[in-house]
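Single-letter residue listing:
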Amino acid sequence: MKYIAHGSGGDADCMTLADGPAPTPGPGQILIEVVCAGVNRPDVLQRSGRYPPPADASPVLGLEVAGRVAALGAGVTEWKVGAGVTALAPGGGYAEYCVAAASHALPIPAGMDFAMAAALPETWFTVWANLVDLGRLAPGERLLVHGGSSGIGLVAIQLAKHLGVECFVTVGNEEKAAFCLGAGAAHAINYRTADFAEEVKRITEGTGVDVILDMVGAPYLQRNLASLRRDGRLVYVAFLEGSKGEADLMPVMLKRLTITGSTMRPRTQAEKTEIRDALAMNIWPALARGELLPHLFARFPLARAAEAHRLMESSRHIGKIVLDVQP
Ligand SMILES: NC(=O)c1ccc[n+]([C@@H]2O[C@H](COP(=O)([O-])OP(=O)(O)OC[C@H]3O[C@@H](n4cnc5c(N)ncnc54)[C@H](OP(=O)(O)O)[C@@H]3O)[C@@H](O)[C@H]2O)c1
């Protein structure tokens with residue numbers, strides 16, 4: 001099969017189209033003939049050597065795919081060969097064939113093509129696990145999402161809208177602000193021209209938000225703590241600008257705040273299955289009704305994966321970038 005190799009890692013140009021054997025599905029796994037693969041920031045980190053894959057995962061990049069089931073591993077009964085699926089992959093998505101746990105796959109929502117479906121798993125699994133399971137986000141609350149125009153951010157906005165949560169976002173320019181407002185955010189703050197904590201304070205008349213989803217890290221910690229109301233939850237999914245810093249933690253005690261976070265990839269198979277089941281029940285029907293939609297910013301053929309990564313590293317994109325694995 002054709003796949004994207006990245007050798008010992010480096011900048012985007014280290015990625016080349018290569019030939020190699022297709023993987024075989026083990027017990028409980030399915031082999032997927034990949035039509036499209038989603039691109040995520042963790043792929044960029046893995047490619048550059050800053051996010052090594054777990055020991056038992058494919059070294060090939062790619063955490064989400066959509067395609068057709070090509071073969072079943074031992075014991076798999078919930079899928080049939082030929083079924084259209086989208087799946088959270090343990091790695092190996094930038095390839096013509098990819099294996100995934102049968103219990104980490106979902107049907108292609110009605111009305112979606114493979115490209116849209118490939119853009120769903122990584123962001124929805126991550127946002128659900130962090131905002132609903134860890135962040136205990138509930139209807140009627142207020143949410144602040146840093147990086148609102150990212151793949152993760154736009155899903156967080158949609159989840160907020162779906163749950164009846166008032167959503168604030170930070171973004172790096174006015175075009176992204178307008179897009180997030182159109183996608184359902186109630187307030188978009190350009191962090192280059194305004195202090196987000198001051199804006200949250202002003203808009204909420206000093207009361208703050210209940211949950212913050214942060215991918216920025218230490219430089220935002222103090223202002224995040226200031227922006228949370230009593231019993232607020234700060235949830236980390238990344239540290240784009242560093243995880244080390246100093247902060248006055250007094251607000252954690254005075255406001256009974258919770259600081260938490262998680263990464264999807266090292267979670268157990270069973271935990272990912274639970275998240276898949278929750279998404280199947282709570283989100284996939286809304287996707288099939290067209291109430292929730294991924295936003296595809298750009299598509300590239302598999303052989304041009306380097307361009308996809310350069311675009312992501314430029315942060316010019318809004319929403320998702322997808323690779324077309326089949327012509
Ligand atoms: N924990 C997990 O399991 C998990 C899973 C998937 C992804 N992630 C992480 O989640 C993040 C988003 O992933 P993605 O694939 O959606 O990537 P992405 O689309 O490239 O998003 C990164 C975003 O960060 C924003 N940003 C950078 N500096 C910022 C700042 N100082 N303040 C506010 N926003 C800032 C950028 O937007 P601006 O141009 O507006 O700055 C950009 O939209 C990445 O860091 C990724 O590693 C974590």
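Residues numbered from 1 in each chain as written. Predicted model: local features only at pLDDT ≥ 70, side-chain atom pairs only at ≥ 80, totals over all residues. Heavy atoms only, no water.

Chemist: I keep staring at the UniProt feature "domain: Enoyl reductase (ER)" (unreviewed entry) in the chain and nothing clicks. Help me out?
Modeler: What UniProt calls "domain: Enoyl reductase (ER)" (unreviewed entry) maps, in this numbering, to residues 10-323. Its end C-alpha atoms 20 Å apart, residues 10-323 is made of 31% helix and 26% strand. (UniProt positions renumbered as here; feature names shortened; annotations may be inferred. Helix = DSSP H or I, 4+ residues; strand = E, 2+ residues; numbered from the N terminus.)

Chemist: So what exactly am I meant to see when it comes to the domain arrangement of the chain here?
Modeler: It is common to report an interface's size as the accessible area lost on association of the parts. Entries for the chain in the domain assignment read domain 1 (2-120 + 265-324) and domain 2 (124-261). Measuring from the centre of the C-alpha atoms in domain 1 to the corresponding centre in domain 2 gives 26 Å. Opposite the 25 residues of domain 1 that make contact, domain 2 presents 17 residues. Overall, the association of domain 1 and domain 2 removes approximately 1800 Å² of surface from exposure, summing both partners, and the carbon and sulfur fraction of that is 72%. (Domains from an automatic or database assignment. Contact = heavy atoms within 4.5 Å. Buried area = accessible area lost by both parts, 1.4 Å probe.)

Chemist: What is the right way to read the site of the ligand from this model?
Modeler: Near the ligand you find 28 residues, and of these Arg41, Gly172, Lys176, Tyr191 and Met264 are the closest. At 2.9 Å, a backbone N or O of Gly151 approaches an oxygen atom of the ligand. Here a nitrogen atom of the ligand sits 2.7 Å away from a polar atom, N or O, in the side chain of Tyr220. Computed on the free molecule, the ligand has an accessible area of 900 Å², of which 94% lies beneath the protein chains in the complex. Mapped by element, the contributors of at least two residues to the shell around the ligand are helix 1 (41-47), helix 3 (121-134), helix 4 (151-163) and strand 9 (166-171). Each residue belonging to the shell around the ligand can be placed in one class, and the counts come to twelve nonpolar, twelve polar and four charged. (Near = heavy atom within 4 Å. Polar contact = N/O pair within 3.5 Å; in protein donor to acceptor, adjacent residues only side chain to side chain. Areas by Shrake-Rupley, 256 points an atom, 1.4 Å probe, with all protein chains shown as cover. Nonpolar A, V, L, I, M, F, W, Y, C, P; charged D, E, K, R; others polar.)

Chemist: Honestly, the packing of aromatic side chains in this entry has me stumped. Any pointers?
Modeler: For any pair of aromatic rings, the description consists of the separation of the ring centres together with the inter-plane angle of the planes. As enumerated under the stated definition, the model contains two aromatic pairs in all. Between Phe196 and Tyr220, the ring centres sit 4.7 Å apart and the planes meet at 55°, which makes this aromatic pair tilted. In this pair, Phe196 sits in helix 6 (residues 196-203) while Tyr220 sits in the loop between strand 11 (209-214) and helix 7 (221-227), placing the two residues 24 residues apart along the sequence. Judged on exposure class, the residue Phe196 and its partner Tyr220 are both buried. Centre to centre, the rings of Tyr236 and Phe239 are 5.0 Å apart; their planes meet at 40°, and the pair counts as tilted. (Phe/Tyr/Trp six-rings, centres within 6.5 Å; stacked < 30°, edge-to-face > 60°. Buried < 20%, exposed > 50% of the residue type's maximum accessible area, 1.4 Å probe, protein only.)

Chemist: Honestly, the packing of helix 4 against helix 5 (residues 174-183) in this entry has me stumped. Any pointers?
Modeler: Packed helices, taken two at a time, are described by the angle between their axes plus the distance between the axes. The geometry of helix 4 relative to helix 5 is characterised by a closest axis approach of 9 Å and an angle of 30° between their N-to-C directions. As summarised for this structure, helix 4 and helix 5 are arranged roughly parallel, according to the angle between their axes. The two elements helix 4 and helix 5 cross, and the hand of that crossing is right-handed. Contacts from Leu154, Ile157 and Lys161 in helix 4 reach Phe179, Cys180 and Ala183 in helix 5. Here the contact of helix 4 with helix 5 is composed, by residue class, of five nonpolar, no polar and one charged. (Axes fitted to C-alpha atoms, helices over the stretch in contact; angles between N-to-C directions. Parallel < 35°, antiparallel > 145°, perpendicular 65-115°, else oblique. Left-handed = near helix turned anticlockwise from the far one by under 90°.)

Chemist: Which parts of the structure should I look at to understand the state of the cysteines?
Modeler: Between two cysteines, a covalent bond joining their sulfur atoms is known as a disulfide. Taken as a whole, this structure holds zero disulfides when the rule is applied. Of all cysteine sulfurs, the one in Cys36 lies closest to Cys98, which takes part in no disulfide; the gap is 13 Å. The exposure class of Cys98 is buried, given its relative accessible area of 1%. (Disulfide = S-S within 2.5 Å.)

Chemist: Help me understand the pairing of strand 12 (residues 228-236) in this model?
Modeler: Both faces of the sheet carry side chains from a regular strand, because those side chains alternate between them. Where strand 11 lies against strand 12, five bridges are found, and the strand directions are parallel. For Ile212, the partnering residue across the bridge sits in strand 12 and is Leu234. In this view, the connection linking strand 11 to its parallel neighbour strand 12 by way of helix 7 has right-handed handedness. As paired elements, strand 12 and strand 13 (residues 258-261) share four bridges and run parallel to each other. Among the inter-strand pairings, Leu234 is bridged to a residue of strand 13, identified as Ile259. (Pairing = 2+ DSSP bridges. Right-handed = clockwise from strand over helix to strand, strands pointing away.)

Chemist: Help me out: how do you make sense of unusual backbone geometry in this one?
Modeler: Backbone phi values are negative for most residues with the exception of glycine, while trans is the configuration of most peptide bonds. Not every positive phi belongs to a glycine, and Glu205 is a case in point at roughly 50°. Relative to the helices and strands, Glu205 resides in the loop between helix 6 and strand 11. For Glu205, a relative accessible area of 73% gives the class exposed. We note that Arg256 has phi near 55°; this positive angle belongs to a residue other than glycine. Mapped onto the elements of the fold, Arg256 is located in the loop between helix 8 (250-254) and strand 13. Residue Arg256 is classed as partly exposed on the basis of its relative accessible area, which comes to 45%.

Chemist: It is not clear to me how the nonpolar core should be interpreted in this structure. Could you clarify?
Modeler: Taken as a class, soluble globular proteins show a tendency for nonpolar side chains to be buried jointly. Judged by nonpolar contacts, the single largest core of 44 residues is most densely connected at Trp124, Leu131, Leu143 and Ile283. Counting only elements with at least two residues in this core, the list comes to helix 3, strand 8 (142-146), helix 4, strand 9, helix 5, strand 11, helix 9 (269-282) and helix 10 (284-288). Broken down by element, the residue count for this core peaks at seven residues, all from helix 4. Each of two domains, domain 1 (2-120 + 265-324) and domain 2 (124-261), supplies a minimum of three residues to this core. Leave out the neighbours within four places in its chain, and Ile283 touches Trp124, Trp128, Leu159, His162, Ala278 and Leu292. (Core = buried A, V, L, I, M, F, W, Y, C linked by side-chain atoms within 4.5 Å.)

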